[in-house]
Every structure is written in structure tokens, then in C-alpha cells.
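Now for the letters of each chain:
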Amino acid sequence: MDILLQQIINGLVLGSMYALIALGYTMVYGIIQLINFAHGEVLMIGALTSWSCIGLMQEAMPGAPGWLILLLATIIACVVAATLNFVIEKVAYKPLRTSPRLAPLITAIGMSILLQTLAMIIWKPNYKPYPTLLSSTPFQVGGAVITSTQILILGVTVVALASLMYLVNYTKLGRAMRATAENPRVASLMGVKPDMVISATFIIGAVLAAIAGIMYASNYGTAQHTMGFLPGLKAFTAAVFGGIGNLAGAVVGGILLGLIEAIGSGYIGTLTGGLLGSHYTDIFAFIVLIIILTLRPSGLLGERVADRA
């Protein structure tokens with residue numbers, strides 16, 4: 001039971017990070033029906049930017065508390081990621097909005113490779129140890145342990161989902177987002193500016209991705225130029241799992257996928273008689289994707305995006 005409880009905690013933490021990334025995927029898809037495959041690289045840029053900022057601040061402010069350095073680095077990383085995603089949308093996606101869907105999809109993949117290459121040039125390809133800025137003393141939960149970083153990850157996910165639900169359902173920008181998702185032409189006739197709404201969506205998604213990247217690097221203690229690819233791919237799986245275009249579905253899909261991976265990796269060796277080890281954990285995400293697409297293509301909570309007129 002202690003092992004099961006520990007794997008559940010690990011799964012909730014992992015799933016929370018997937019959920020933060022999946023929210024960016026599902027928001028963009030809900031507005032312009034585009035899968036932004038460069039989203040994982042925005043996560044990576046956020047993590048590496050924060051790593052650079054932390055190093056500079058530790059030299060400039062040697063006596064500053066770790067939480068303050070982490071907070072300042074997170075703010076700077078979010079600004080950089082938001083600016084980057086804003087530029088990506090204007091340069092790579094806006095000119096292709098009326099093109100066949102395959103064109104922006106290929107462009108997104110190309111942008112992902114371009115960002116990886118630029119990050120490799122700027123930060124070099126070696127793995128970078130990410131400093132531990134919060135208390136590393138674990139808390140006992142039953143027979144399992146949880147760290148301050150993991151508690152922060154869980155808290156940030158709850159706050160992010162609550163804030164986004166409030167934004168979408170109770171603010172002027174949220175009404176503009178829903179109107180643009182329903183029909184951008186009619187929305188523009190009603191005074192909504194679709195370009196502004198789309199840019200705001202990309203900016204919000206980038207902020208969530210940057211936060212997820214920093215949490216990911218803090219939890220695993222390392223950052224590198226390819227770190228965003230696999231989490232981004234799994235977060236896309238989580239978005240489809242929960243119902244892409246649905247904010248709550250993205251979080252549910254992320255949490256469930258994290259639990260499936262963590263529990264599966266803990267017991268896969270026993271279940272297969274030692275044939276497969278915990279390093280095969282990545283297969284669970286894609287097995288889930290195949291099953292969901294086969295049995296329920298719209299995801300667990302369905303898709304709330306209306307068909308375009």
C-alpha cells in the first residue's frame with residue numbers, strides 16, 4: 001500500500017504538469033482549430049530562461065531566499081515565453097489561417113524543430129542541473145513522501161484551472177474567446193477583434209507552458225533543449241484523452257494520464273514477469289491515446305467547440 005500511495009502521489013504531480021501544458025493546447029485548438037506542436041518547445045524555452053535567470057540572480061543576490069529567486073525567474077520566463085508565442089502566432093500561423101489544415105500543422109512541426117535548434121545553439125546541448133530553491137525536506141503522507149516542489153505543482157494546477165474557468169466564463173475576454181470559437185466572422189461583426197483574442201490565447205498558453213517547464217525542471221532537477229518534446233506530446237495526448245477544446249477535460253486527461261503512467265511504471269515489471277521495466281513507462285500514454293481515439297474520439301468529456309458555419 002505504501003508503494004501504491006507513493007505512485008499515486010507521483011502520478012498526481014506528473015499529471016498536474018501534463019494538465020498545465022494540455023490547457024495551452026486545448027485553448028488554442030478551441031479558438032482556431034490548430035494543434036500547436038511548438039508548444040512543448042515554449043515550455044523548454046521557459047525552463048532554460050529561468051535556469052539562466054536563477055544563475056545570474058544567485059550571483060547578484062547571494063543572500064536572497066530561494067522562493068524569491070524562483071518567483072522572479074518564473075515571471076521573467078513567462079514574459080519571454082509569452083513574447084515568443086506571440087511572435088510565433090503572428091509569423092508562422094496567422095498567414096496560414098485560411099490555408100488547408102495540413103499547412104499550419106507542418107509549420108508547427110517546423111517551428112518546433114527550429115526552436116530546439118536555436119535553444120541548442122544558445123544554451124548548448126548538454127544537460128544542465130536545475131538548482132533546488134525550495135526546501136528539499138520531504139513531508140510524510142501515510143507511508144509515502146511528497147516534497148515542497150511537488151506540493152507547489154499541485155497547487156499551481158488547481159489555481160490555473162480555477163483562474164482559466166473564471167476567465168472564460170465570467171470576463172469580457174472570455175466571452176470574446178467563446179464567440180470567436182463559435183464563429184469568428186460573426187464575432188467580428190459584433191465588435192470582437194479575433195486577432196486580439198487569438199493573440200491573447202497564445203500568450204495565456206505560453207505562460208502556462210513556461211510555468212509547467214519550470215515545475216518540470218524543478219521536480220526532475222535538470223533542463224535541456226529537447227526536454228519539451230515528450231511532455232508536449234504526452235500533454236497533447238492528455239488533451240485528446242479529456243476532450244480537446246474542453247478546459248476541464250484537459251486537466252482530467254492530464255491527471256488520469258499521469259496516474260496511469262505512474263502506477264503502470266510501478267507495477268509493469270510484476271505484471272510482465274520482469275519482461276518490461278519502469279523505463280517503458282512512455283508506452284502507456286500512447287496506448288491510452290490509441291484506445292481513446294478508437295472507442296471515444298471526442299474524449300472523456302467531449303468537445304465543446306461548435307462546428308464552423
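Note that the structure is predicted; figures quoted are calculated from it, not measured. (Residues numbered from 1 in each chain as written. Predicted model: local features only at pLDDT ≥ 70, side-chain atom pairs only at ≥ 80, totals over all residues. Heavy atoms only, no water.)

A. Quick peek at the overall build of the chain. Scanning the chain from N- to C-terminus turns up 11 helices and 4 strands. For a compact globule of 309 residues, the expected C-alpha radius of gyration is about 19 Å, and the chain comes in at 20 Å, within 12% of that figure. Burial statistics for the chain: of 309 residues in total, 49% are counted as buried. Counted over contacts in the chain with a minimum sequence separation of 6, partners at least 24 positions apart contribute 77%. As displayed, the chain offers around 14,500 Å² of accessible surface, 71% of which is attributable to carbon and sulfur atoms. (Helix = DSSP H or I, 4+ residues; strand = E, 2+ residues; numbered from the N terminus. Rg over C-alpha atoms; globule rule 2.2 N^0.38 Å. Buried < 20%, exposed > 50% of the residue type's maximum accessible area, 1.4 Å probe, protein only. Contact = heavy atoms within 4.5 Å. Areas by Shrake-Rupley, 256 points an atom, 1.4 Å probe, with all protein chains shown as cover.)

B. The nonpolar core, seen in detail. By size, the foremost hydrophobic cluster in this structure holds 83 residues, and its most contacted members are Y93 and L164. Among the elements that line this core, the one with the most residues is helix 1 (residues 2-32), at 15 residues. With sequence-adjacent residues up to four places away left out, L164 is seen in contact with L23, M27, I204, L208 and L247. (Core = buried A, V, L, I, M, F, W, Y, C linked by side-chain atoms within 4.5 Å.)

C. Summary view of empty space enclosed by the protein. Scanning the entire structure with this criterion turns up 1 cavity of 30 Å³ or more. Reported here for the largest cavity is a volume of approximately 50 Å³. Residues of the lining of the largest cavity, tallied by class, amount to 4 nonpolar, 3 polar and no charged. (1 Å grid on protein atoms, 1.4 Å probe; cavity = no way out; pocket = protein on both sides within 12 Å on 5 of 7 lines; lining within 4 Å. Points joined across faces, edges and corners; volume = space filled by probe spheres on them. Nonpolar A, V, L, I, M, F, W, Y, C, P; charged D, E, K, R; others polar.)

D. Layout of the UniProt feature "transmembrane region" (unreviewed entry) in the chain. Those residues carrying the UniProt feature "transmembrane region" (unreviewed entry) are residues 12-35, 67-88, 100-123, 143-168, 197-216, 236-259 and 271-295 in this numbering. Between the first and last C-alpha atoms of residues 197-216 the distance is 28 Å; the span itself is 100% helix and 0% strand. For residues 236-259, the helix share is 83%, the strand share is 0%, and the end-to-end C-alpha distance is 16 Å. (UniProt positions renumbered as here; feature names shortened; annotations may be inferred.)

E. Representation of helix 4 (residues 102-123) in the model. The end-to-end C-alpha distance of helix 4, which contains 22 residues, comes to 32 Å, matching closely the 32 Å that a straight helix rising 1.5 Å per residue would cover. Packing partners of the buried residues in helix 4 comprise helix 2 (39-60), helix 3 (66-93), strand 1 (128-129) and helix 9 (229-242). At the C-terminal side of helix 4, K124 shows a positive phi close to 70°. (Expected span 1.5 Å × (residues − 1).)

F. Just helix 8 (residues 194-220), in detail. The terminal C-alpha atoms of helix 8 lie 39 Å apart, and with 27 residues this matches the ideal 39 Å at 1.5 Å per residue to within 8%. Most of helix 8 is tucked away: 20 of the 27 residues are buried. Once helix 8 ends, the next one or two residues include G221, with phi positive near 75°.

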